[in-house]
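Close look at the chain arrangement
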Amino acid sequence: MENAAADLAFNARLLSAGDLPEGMAAPVAAMREDAVCFAAVLQGCKAALEAEQHPISSELVLLKRIVHRNKSQHCNSMHLRRLIQLRIAAERVLASGLGTIIASAEAATHEDPAGGSVRGNTVPSRQLLDLLLARLVAAAVLSQRANRAARLAFRANEELLRHALFMPLGVTCLALSARVLRQTVRYREALAECHLRLSAV
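One structure accompanies this document, and this report is about it. (Residues numbered from 1 in each chain as written. Predicted model: local features only at pLDDT ≥ 70, side-chain atom pairs only at ≥ 80, totals over all residues. Heavy atoms only, no water.)

Considering the state of the cysteines
Counting across every chain of the model gives zero disulfides. No disulfide involves C45; its nearest neighbouring cysteine sulfur is the one of C194, lying 3.6 Å away. (Disulfide = S-S within 2.5 Å.)

Points about the nonpolar core
Core analysis: the largest hydrophobic core is formed by 47 residues, its most contacted members being L49, L132, L136 and L198. When contributions to this core are tallied by element, the ones reaching two or more residues are α2 (32-70), α3 (78-94), α4 (98-108), α5 (126-162) and α6 (167-199). Among the elements that line this core, the one with the most residues is α5, at 13 residues. Excluding residues within four positions of it along the chain, L132 makes contact with L42, L98, I101, I102 and L198. (Core = buried A, V, L, I, M, F, W, Y, C linked by side-chain atoms within 4.5 Å. Buried < 20%, exposed > 50% of the residue type's maximum accessible area, 1.4 Å probe, protein only. Helix = DSSP H or I, 4+ residues; strand = E, 2+ residues; numbered from the N terminus. Contact = heavy atoms within 4.5 Å.)

What about the pattern of salt bridges?
Counted according to the given criterion, the structure contains eight salt bridges. E111 is the salt-bridge partner of R32, the closest N and O atoms lying 2.8 Å from each other. Here R32, found in helix α2, pairs with E111, found in the loop between α4 and β2 (122-123); they are 79 residues apart in sequence, far enough to count as distant. On the accessibility criterion, E111 (34% relative accessible area) is partly exposed. The partner of R179 in a salt bridge is E59, and the shortest N-O contact between them spans 2.6 Å. In this pair, R179 sits in helix α6 while E59 sits in helix α2, placing the two residues 120 residues apart along the sequence. On the accessibility criterion, R179 (26% relative accessible area) is partly exposed. Salt bridges linked by common partners bring K64, R87 and E91 together as one network. (Salt bridge = Lys/Arg side-chain N within 4 Å of Asp/Glu carboxyl O.)

Below, the structure is given as structure tokens:
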């Protein structure tokens, strides 16, 4: 049972609300001020995370293209292996399942503008919120791994330039690795901020 809970919190693929355990996404009644507060915090976290995910997604598109175009000529090279590792790490960052959980939390949050009674006001269940907090931690770990992969890719392409090999490719990949390096740091900081804010509601 504990292993299943840990797998759900950190490893299970969550592609849609149907992947969540039955009943976890069900809303629970709350006071109006609690529903308003949670909705505001959740929207702020969603916007912050999406703002940092988009640049990583854009770089991943370019990275996939570079790997595809150069895998035949450079299949056994260290710099291409590092780029492939970076691609895999970035894909895992974007496939953390956070979007699915946040969408379920949004669907479970409802504010009744009529008054401050519990009736009509709902927030996500404690189980769903705990899962969201756990996935924020898991995503931060994945972001750290992508950061390390970006450092290794940067150094491998730095070696290409040092030896004046495949200069256009080396310059492009060096710049790409540096951008992903910066973006994963910013994304990890956004994850930490969201965890802090959601833990307080």
